[in-house]
Amino acid sequence: MRGAPLGGATGAVAGPVIWAAGLALPFALDSSWVSIAAFFAIYAITALSEDVILGRAGMFDMGHAVYFGIGAYVTAILNTTLNVPILLTLPLAMLLAAAAGALLSAPLIRLRGDYLLVATIGFNAIFVLAMQNDPGGITGGSDGITGIGVPSLFGLQLESQSAMFWLDWVVLGAVLLVMRNLDRCEFGRALRYLKQDELAAGTLGVDARAVKTLAFALGAALAGLAGTLFAVQLSTVSPSSFVFTESVTLFAIVIVGGQGSIPGVLLGTALMFVVPQIFRGLAEYRYFVFGIAMVAVMVLRPQGLLPRRRAVT
Amino acid sequence: MSALLELQGVGISFGGLRAVDDLSFSVTEGQIVGLIGPNGAGKTTVFNMITGVYRPKTGRVLWQGREITGAKPARIARLGLRRTFQTIRLFAEMSVFENVRAGCHLAARQHWWEGLLGLPGQRREEAELAARTHEILRRLDLDGVADAPATSLPYGVQRRVELARTLAGQPKLIILDEPAAGLNDAESAALNETIFMIRETGVTILLVEHDMNVVMRVSDHVVVINFGRKIAEGDAAAVRADPAVIEAYLGREDAEEVAA
């Protein structure tokens, strides 16, 4: 408690400074490391989007890779079949993912946590199966879609790994701003009221259905945004990137890092996606190590590694 | 003398048990109305039917003459009807300030996208609502604990925080579900003061209580129920003297205590 105001002020300064320093990464690292940094940015956006639904609203979404996948497939399909420029596919990817999030969650919004969890696992299974079966010949089946173009900005082709990293990093910065604002607005607060006591929230006038649906739509839209960046970074998408274990990983990042905590989710993402790259020889042990870490954190520090700080007036 | 809230023949049963049966009474604007009855008489069930947690099987609930039977809790709140809970339901992971600020939810006019973008109008509104929250904290003498985790405080203070949260919604009527439960005598006396102070600001109060002392001291009008039925109604003195109340509700020892 006592350290919180200082901590908040430090965070307000440190966050932007670290982000700005991150812009210089391509000058300090070789391109394989820049690509890791780009993946970090993309997965950080996805994990933050899961945090909107899971960490803030307290809804057990165990199928979040679906919305990430929808974004990636929308960009891949529009770009490869209709030659739509990448950056134009971005708003569509977000919109379609948001619509899917709102529609899929609508019948489930009243479900208790455990039932919602199982239902969202079902969505994930159906999504992967559908992509593998190549409906209408547009998803490319198990092989997926290859040959996705590069984004161009003001006539500039963002082909180099550094250029793509900068794009991802700037988008991550924008998403971080949105997440920070979410903490300071009525919508974000309503999510936390619902998470902590839905009955009490109702008597204060919080419309649970509307707020939860919006949370799903927002979380899905941000995941869709990350999906577009992912398709660009890999220049190929396939169903294996959006399987159930990806959803589990996103879920675990939020729980282990700290629900509703931006630094916590970023740390969780780094542990899951960057640390394994450093110990590349041990890549196969990724789930082993993270699995042990998950158990240890849940037992020793159930609020997460960097838990959310209480707001101080 | 207009009825703010009126119940007409309201009833509900759970698994064949008639929890509340054909209950009618009204709450006049500006009054403090006490609803009393022994444990298990159906008091909280009545509250839950008024505030939309349960839907009555029979009868009607009227708000300023308009029917609101079975309306959802969020709509009830929008009408200006707020409640507290018998077991205090504060947001456990939030400070006192954040809890009371939660009561201002419906006063916020900002759209969600304005909030996500942090537009100047939204920031201004946040500042206004924070000021309103501080004002209520001062009025209920809670400004000293504004940043404390809400559930770390003594029971009596938590009660006051919950009251402050209902007041932050600028209600017309607040329903207090056994506010004296778990309070010691000093806290109970302080609660009476707070209830009077709230009434002074023009808020009507419906109070459910089985602690007779609180109800008799503060209520303008008392409704007594037992086994889900109304057995007496009137001012505190009349109810206290009512033989049906003494026999059916108070029991012999309690009757002597109240008469004394």
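Up top is the structure.
None of the values given here were measured: they were computed from a predicted structure. (Residues numbered from 1 in each chain as written. Chains lettered and ligands numbered in written order. Predicted model: local features only at pLDDT ≥ 70, side-chain atom pairs only at ≥ 80, totals over all residues.)

Scanning chain A from N- to C-terminus turns up 13 helices and four strands. Taken against the 2.2 N^0.38 rule, which gives 20 Å for 313 residues, the C-alpha radius of gyration of chain A at 19 Å falls within 12% of a compact globule. Taken over 313 residues, chain A has a buried fraction of 47%. Put simply, 79% of the contacts in chain A that link residues at least 6 apart link residues at least 24 apart. (Helix = DSSP H or I, 4+ residues; strand = E, 2+ residues; numbered from the N terminus. Rg over C-alpha atoms; globule rule 2.2 N^0.38 Å. Buried ≥ 20, exposed ≤ 12 C-beta atoms within 10 Å, placed from the backbone. Contact = placed C-beta atoms within 7 Å.)

A few words now on the interface of chain A and chain B. Facing 26 residues of chain A, the contacting portion of chain B comprises 31 residues. Counting only elements with at least two residues in the side of chain A that touches chain B, the list comes to helix 7 (161-183), helix 8 (186-196) and helix 9 (198-203) of chain A. Looking at which element gives the most residues to the side of chain A that touches chain B, the answer is helix 8 of chain A, with seven residues. Each residue belonging to the side of chain A that touches chain B can be placed in one class, and the counts come to 13 nonpolar, seven polar and six charged. (Nonpolar A, V, L, I, M, F, W, Y, C, P; charged D, E, K, R; others polar.)

Once that is clear, we can look at the sheet that holds strand 2 (residues 17-28) of chain B. Residue and element names in this part refer to chain B. Spatially, 2-1-4-5 is the arrangement adopted by the four strands of the open sheet, whose pairing is antiparallel. The two strands at the open ends of the sheet, each matched to only one other strand, are strand 2 and strand 5 (66-67). Bridging between strand 4 (residues 58-63) and strand 5 involves two bridges; their strand directions are antiparallel. The residue of strand 5 that forms the bridge with Trp 63 is Arg 66. (Pairing = 2+ DSSP bridges.)

With 27 residues, helix 10 (residues 208-234) of chain A should reach 39 Å at 1.5 Å per residue; the first-to-last C-alpha distance of 38 Å fits that figure. In the stretch just after helix 10 of chain A, Ser235(A) is the one whose phi turns positive, near 60°. (Expected span 1.5 Å × (residues − 1).)

Residue placement: Ser235(A) occurs in the loop between helix 10 and strand 4 (236-237). Exposure remark for Ser235(A): the 15 C-beta atoms within 10 Å place this residue in the partly exposed category.

Turning our attention to the pairing of strand 8 (residues 204-209) of chain B. All names here are of chain B. For strand 8, the buried fraction is high: six of the six residues fall into the buried class. By the alternation rule, side chains of strand 8 split into Thr 204, Leu 206 and Val 208 and Ile 205, Leu 207 and Glu 209, which are all buried. Alignment of strand 3 (residues 32-36) against strand 8, held across five bridges, turns out to be parallel. Across the sheet, residue Ile 32 finds its bridge partner in strand 8, namely Ile 205. The pairing of strand 7 (residues 173-177) with strand 8 spans five bridges and is classified as parallel.

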